[in-house]
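Given next are the chains, with one letter for each unit.
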Amino acid sequence: MIDPLALDRECSDEIFNGQNSTTPRSTKMDGNTEDESNEKSTSTCWTDDEFESFLRKELQKDPLSKEYPDLFAAAPKLICKWRQRYRGNPSLWKRLFQKDRVMKEFIEASPIIDSVQRLVISTELKKGEKFTIIDLACGRGYLSMLLSELLPPEKVDKFVLVDKQWPMHKTTPEPHHISWTHIYGPFLENNENSEEDNDQSTIPCYYETWPIRLNTSKVNLKSSKEIKNMERRLFTDKGPIILVAIHLCGTLSLKAVDLFNNNPEIRFFCLKPCCLPGMIHAKRDEIFHLGEHSFDSKLVCMAGKWKKKLWKGPHRTTTKAYFQRWADNLFLGMNDTEASKIKKTIMVQHDGGHQNDFLFAERLPETAPVWDVLRREEQFLDGEED
């Protein structure tokens, strides 16, 4: 079976538009020239149905597909909608879609996607109200992109994709920024005479194609001033807020819990902590504070980092114990007495990965379809696998 991802990366504009090509050629990706003679080639392009079928078979290999069957069945179609959106812009598609990365993003986010979908569908909103979903430290925004394709637009007003690496609004992204072309398309207002921008003029405005609006927001979550500005702009009485936070590194998880504790407009909160805080906090003898809960940074801080896909640091049995303490203390710090909360271990990582803790909280009243699922014990939850 030919990998459609490899084919997509080789295809010319004609193939992306559904036409055939029989001409071998070289493709330059990420600064590297690859000779197509060493690649599998074909005279036909994968159809969207074939692409969906490939994704479906890949996703079914993960044990969580049995825990969230409806969501895993829907995911290939959602991702295929991205492919359709960027058809005609193969360089953008190559940059955005790397199979292993997108699969990992979806699988690790699936418990949160499932809970958010259940909450939105089951909630009866007041007249004129809609949810706003804020995606903290979002990176490229894969989680919000999936949810935009999945959720009912009549119940969600917009997504706010928060990350310090976004460019400022209506500026040209620099190399150190996250490119937002896949969200908006190009901004040409200030550079209409630029030859480079004229080359981009054929790229559609993607902003209008998302079923639910995606808006980027440049915020450094380590800056108290920027967080307060964000709260003034986004935490309003226009409707309930869903706050989602996946892959928050180090002390950013503390900031996410603080946001939930301090803003009653947040109806639902989902947090998947990522790496541990660095040793600098322990060396300073810092005490972390979350509401009325406090804990010594030495309990959770650890040296170590990934380098060229290799872990340089203590053995994983040690880091697992530290991570467990980290998740436990974050959970204890979610201390709104008017909220239900739960910490779940859901096996989204395998082969030694131990970042499998999810924290959920909802301000009362509870949404039964959400909590019925969160409280149940299944074989792929709480660390039990075949």
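Small disclaimer: the values here were computed from a predicted structure and weren't measured.

This part covers the side chain of Asp 114. Along the chain, Asp 114 falls in helix H7 (residues 99-122). According to the relative accessible area criterion, Asp 114 is buried, its value standing at 7%. A polar contact is formed between the side chain of Asp 114 and the side chain of Arg 118, at a distance of 2.9 Å. When residues no more than four places from it in sequence are discounted, the contact partners of Asp 114 are Tyr 68, Leu 71 and Val 373.

This part covers the nonpolar core. As a rule of thumb, nonpolar side chains are buried together in soluble globular proteins. Trp 82 and Val 116 are the most contacted members of the largest nonpolar core, which has 64 residues in total. For this core, the element with the most residues is H7, which contributes 10 residues. When residues no more than four places from it in sequence are discounted, the contact partners of Val 116 are Ile 133, Leu 147, Leu 151, Ile 242, Val 244, Phe 268 and Cys 270. Val 257, Ile 266, Leu 271 and Ala 282 belong to the second largest nonpolar core, which has 39 residues in total.

Moving on, we get to the side chain of Thr 251. Looking at where Thr 251 falls in the secondary structure, it is placed in the loop between strand E6 (241-248) and helix H12 (252-262). Exposure remark for Thr 251: the relative accessible area of 14% places this residue in the buried category. Excluding residues that lie within four positions of it along the chain, Thr 251 makes contacts with Lys 222, Pro 277, His 281 and Phe 288.

The end-to-end C-alpha separation of H7 is 32 Å, in line with the 34 Å expected for 24 residues at 1.5 Å each. Of all bends in H7, the biggest is about 55 degrees, found at Ser 110, and the proline Pro 111 comes one to four residues later. Burial analysis of H7 places 17 of its 24 residues in the buried class, the great majority of the element.

Right, let's talk about the environment of Tyr 322 for a bit. Relative to the helices and strands, Tyr 322 is located in helix H14 (residues 316-333). Each C-alpha atom, one on Tyr 322 and one on Leu 276, is 7.9 Å from the other, the two residues being 46 residues apart in sequence. Setting aside chain neighbours within four positions, we find Tyr 322 in contact with Leu 276, Lys 298, Leu 299, Val 300, Cys 301 and Met 302.

Attention shifts here to the environment of Gly 139. Tracing the backbone through its elements, the reader meets Gly 139 in the loop between strand E3 (131-136) and helix H8 (142-150). In sequence terms Gly 139 and Ser 179 are 40 residues apart; their C-alpha atoms lie 10.0 Å from each other. For Gly 139, the residues in contact, after removing those within four places along its chain, are Asp 163, Trp 166 and Ile 178.

Once that is clear, we can look at the packing of aromatic side chains. Under the criterion given, the structure shown has 15 aromatic pairs. Centre to centre, the rings of Phe 288 and Phe 295 are 5.5 Å apart; their planes meet at 65 degrees, and the pair counts as edge-to-face. Phe 288 gets classed as buried once you look at its relative accessible area, which sits at 6%. Among the aromatic residues, those joined into a cluster by ring pairs are Phe 51, Tyr 86, Trp 93, Phe 97 and Tyr 206. Just above the ring of Phe 51 sits the side chain of Arg 83; from NZ or CZ to the centre is 4.6 Å. Positioned above the aromatic ring of Tyr 322, the side-chain terminus of Arg 325 is 4.4 Å from the ring centre.

Among the 11 residues of H12, 8 are classified as buried, and the element is accordingly described as predominantly covered. Buried residues of H12: Leu 252, Ser 253, Leu 254, Ala 256, Val 257, Leu 259, Phe 260 and Asn 261, and no others.

Attention now goes to the pattern of salt bridges. Oppositely charged side chains can form a pair if their charged atoms are brought close together. If you walk through the whole model with that rule in mind, you get 19 salt bridges. Among the salt bridges present, the one from Lys 77 reaches Glu 52, with a minimum N-O distance of 3.5 Å. With a gap of 25 residues between them, Lys 77 in helix H5 (residues 69-85) and Glu 52 in helix H3 (residues 48-59) connect regions that are remote in the sequence. With a relative accessible area of 44%, Lys 77 lands in the partly exposed category. Residue classification places Glu 52 among the buried residues on the basis of a relative accessible area of 8%. As a salt-bridge pair, Glu 149 and Arg 85 come within 2.9 Å of each other at their nearest N and O atoms. Of the two residues, Glu 149 is situated in helix H8 and Arg 85 in helix H5; the sequence distance between them amounts to 64 residues. Take Arg 85: its relative accessible area is 13%, and that puts it in the buried class.

Below, the discussion takes up the pairing of strand E5 (residues 213-217). For E5, the buried fraction is high: 4 of the 5 residues fall into the buried class. Bridge count between strand E4 (residues 156-162) and E5: 5 bridges; the pairing is parallel. By the bridge assignment, Phe 159 is partnered in E5 with Leu 214.

Thresholds, definitions, all that
Residues numbered from 1 in each chain as written. Predicted model: local features only at pLDDT ≥ 70, side-chain atom pairs only at ≥ 80, totals over all residues. Heavy atoms only, no water. Helix = DSSP H or I, 4+ residues; strand = E, 2+ residues; numbered from the N terminus. Buried < 20%, exposed > 50% of the residue type's maximum accessible area, 1.4 Å probe, protein only. Polar contact = N/O pair within 3.5 Å; in protein donor to acceptor, adjacent residues only side chain to side chain. Contact = heavy atoms within 4.5 Å. Core = buried A, V, L, I, M, F, W, Y, C linked by side-chain atoms within 4.5 Å. Expected span 1.5 Å × (residues − 1). Bend = angle between axes of the 7 residues up to and from the residue. Phe/Tyr/Trp six-rings, centres within 6.5 Å; stacked < 30°, edge-to-face > 60°. Lys NZ or Arg CZ within 6 Å of the ring centre and 35° of its normal. Salt bridge = Lys/Arg side-chain N within 4 Å of Asp/Glu carboxyl O. Pairing = 2+ DSSP bridges.

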